[in-house]
Structure formats: C-alpha cells, structure tokens
Amino acid sequence: MDLHPTYETALEVAAQLAREAGQIVRYYAGRVTVREKGYNELVTQADEEVQRFLTEQIRQHFPDHTILAEEVLPDQQNGKATASFHWIIDPIDGTTNFTHGVPPYGVSLALQHEGRTVVGVVYDVPHDELFTAVRGGGLYVNGVRARVSQTATLREALITTGFPYREMAHLDAYLEALGRIIRATRGVRRPGAASVDLAWVACGRFDGFFETGLSPWDVAAGILLVEEGGGRVTDFHQRPDPLFARQILATNGRLHEALCELVAPLHHVYT
Ligand code: IPD
Ligand code: CA
Ligand code: CA
C-alpha cells in the first residue's frame, strides 16, 4: 500500500521520539517528586520534561503542525487543531503507576490529518514494547505484525478497564457494569494506563476494554492501534470515533455488541 509521505515520516519520527522519551522516563523512575494537580490527579517533573522534549522535537521536525498535549506548561501553547496535521500527546500515560513503580506506563503519540488519526504510537516503557500503526498499514509490536484476538464468547474473554478514581458521581453505575462483566467473562484487569489497555486489546492480549471519563490524549493513539489490529472502537452507543466521547468501548470486533450490552448501566455516563 502507498502511504502518504508525511505519514511515513511521522511514524518514523514518532517511534524514535517515543523511545527517546522512554529514556527520560526511565531516568526519573524511582526519583520523582509528585504534585497533585487535582484530587488523585498526579503530575511529576518527568511528565513535564517528557512533554517539553516531545513538543520541541515535533516542532523542529514539523514546524507547521499543531500540538495538543496533556500538561499545561506556562511556556507552551497547547492547542486546537488549527493546522491540517495535528498531534495529540500524552507524555506519560499511567502516572500513578509510574510514581508507585508499578508497570505499565507509557508514552502516547498520535497524528491526525484533517481530523482523522493517521499515525499512532504507544511505548510501554517498563516492558520496552513499542506499538505502532499507520492508518491502512496494520499494527506492529516492536516491528512484528500483530492482531486482535479471535475470542468469540464472553466466557473465554479477558477484559480490561480503568476504575473511576477522580470523579465518583457514577461509581455505583460503574460497579453495576463491572459486576455484570465479572459474572459473564473469564476475568477483569485494571493495568493502569488507558493507552496500554488499548494496545493490549490491539495485539490480542485482552479481548475488550471499557472506561469513562478519558481525554483525547489517553486514547488517540490506542484507538488507531485497535482498529489497525482488526478490532472495533466506539462509545457505549456503538457510535464510531469516540475520541472526545468520554466513554470508550474497544474490542476484538466479535465481542463488541455483547460487551456493549453488559456496560448498559453506564450508557448515559460521561465523567
Ligand atoms: C490515566 C490513565 C488511567 C486512566 C485515567 C487516565 P494519566 O492517565 O490512562 O489508566 O484510568 O483515567 O487519566 O493521568 O496517568 O496520564
Ligand atoms: Ca493519560
Ligand atoms: Ca499523562
């Protein structure tokens, strides 16, 4: 398949930058000062330094692209997609894990072209695994082609999720959905980094993922990874493109409707 030349360059640059950012994250592991920017919402100097590094590098490589990144830094403009190419960055996804020395946590980079994600890279730092995808080009894990699982029944399915930890207003609805899923499946995990949850659905380790309240930087790259792995990603009403939906359901495709049915108690929750 012939790819847009910018997509190919962007993939190479993003993969390289994610690995280099991973070195910065490794340097800080075990020696970070943690600040709470909101209730249970942590930020460290590693998050800020990685974001500075990534945004500076992207600006050097692609001066006419815009960037949306999670951390608000005084000297950085953080913005809307005003250019046709727009990056969405999470410098460290899984900061709570990172500050406790618990894997996984990672760096997430996505490039959008005219509003559509075309490149996605997630680097799981402690596992040294790089997940990459270009739209239409398939999913790769450390350079090896990978796919979603073939699991066809909930009974055989392993599901991943993110527990609510900041906004508790809908905890009861969440626990009801979780109970239905625990009863129907082989089990549920909470690894602690949404981008990695999606990457692990994309390569077939998990069969499905659901969470509410996520931001675009948590999911932008991961959504493309799942799609390029052959899976499906929607909101809880099965509408595609849930980047801004604050509810996400990602599966191997086969289990999508069944899992969507189980998360019914959360259908109207956007936290
Ligand atoms: C968080 C992680 C976590 C999810 C949270 C996210 P952060 O990202 O992805 O798994 O449950 O909602 O905010 O804050 O560590 O970048
Ligand atoms: Ca995140
Ligand atoms: Ca983050």
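Residues numbered from 1 in each chain as written. Chains lettered and ligands numbered in written order. Predicted model: local features only at pLDDT ≥ 70, side-chain atom pairs only at ≥ 80, totals over all residues. Heavy atoms only, no water.

### Side note on the domain arrangement of the protein chain
Move 1: Under the domain assignment, the protein chain is made up of domain 1 (5–146) and domain 2 (154–266).
Move 2: Relative placement of domain 1 and domain 2: their C-alpha centres are 21 Å apart.
Move 3: In this assembly, 40 residues from domain 1 lie in contact with 26 residues from domain 2.
Move 4: When the two sides are added together, the surface that domain 1 and domain 2 hide from each other amounts to roughly 2400 Å², 64% of it contributed by carbon and sulfur.
Move 5: Run the count over domain 1 and domain 2 and you get two salt bridges.
Move 6: Between Arg-135 and Glu-227 there is a salt bridge, with the nearest N and O atoms lying 3.4 Å from each other.
Move 7: In this assembly, domain 1 and domain 2 are joined by nine residue pairs in polar contact (both at pLDDT 80 or more).
Move 8: Looking at the side of domain 1 that touches domain 2, the elements that each hand over two or more residues are strand E3 (66–69), strand E4 (85–93), strand E5 (106–113), strand E6 (116–124), strand E7 (129–134), strand E8 (139–141) and strand E9 (144–146).
Move 9: Of the residues forming the side of domain 1 that touches domain 2, the biggest block, seven residues, is contributed by E6.
Move 10: Residues belonging to the side of domain 1 that touches domain 2 are distributed by class as follows: 20 nonpolar, 12 polar and eight charged. (Domains from an automatic or database assignment. Contact = heavy atoms within 4.5 Å. Buried area = accessible area lost by both parts, 1.4 Å probe. Salt bridge = Lys/Arg side-chain N within 4 Å of Asp/Glu carboxyl O. Polar contact = N/O pair within 3.5 Å; in protein donor to acceptor, adjacent residues only side chain to side chain. Helix = DSSP H or I, 4+ residues; strand = E, 2+ residues; numbered from the N terminus. Nonpolar A, V, L, I, M, F, W, Y, C, P; charged D, E, K, R; others polar.)

### Some words on the coordination of the calcium ion (ligand 3)
Metal coordination angles in their ideal form are 109.5 degrees for the four-donor tetrahedron and 90 or 180 degrees for the six-donor octahedron.
Move 1: Only Glu-70 (OE), Asp-90 (OD) and Ile-92 (O) from the protein reach the calcium ion (ligand 3) as donors, at distances of 2.2 to 2.3 Å.
Move 2: In terms of primary sequence, the donors binding the calcium ion (ligand 3) are separated according to E-x19-D-x1-I.
Move 3: Separating the calcium ion (ligand 3) from the calcium ion (ligand 2) is a gap of 3.7 Å, which Asp-90 spans by donating to each of them. In this pair, Glu-70 is assigned in the loop between E3 and E4 and Ile-92 in strand E4, connecting sequence segments 22 residues apart. (Donors = N, O, S within 2.8 Å, 3.2 Å for Na, K, Ca; no water.)

### Section: the UniProt feature "binding site: Mg(2+) 2" (unreviewed entry) in the protein chain
Move 1: Listed under "binding site: Mg(2+) 2" (unreviewed entry) in the UniProt record, and renumbered for this structure, are Asp-90 and Asp-93.
Move 2: Looking at where Asp-90 falls in the secondary structure, it is placed in strand E4.
Move 3: Note on Asp-90: relative accessible area 1%, which makes it buried.
Move 4: With residues up to four places along the chain from it excluded, the contact list for Asp-90 reads Glu-70, Gly-106, Val-107, Ser-108, Trp-217 and Asp-218. (UniProt positions renumbered as here; feature names shortened; annotations may be inferred. Buried < 20%, exposed > 50% of the residue type's maximum accessible area, 1.4 Å probe, protein only.)

### Observations concerning the coordination of the calcium ion (ligand 2)
Move 1: Only Asp-90 (OD), Asp-93 (OD) and Asp-218 (OD) from the protein reach the calcium ion (ligand 2) as donors, at distances of 2.1 to 2.3 Å.
Move 2: Motif for the calcium ion (ligand 2), donor spacing along one chain: D-x2-D-x124-D.
Move 3: For Asp-218, a relative accessible area of 10% puts it in the buried group.

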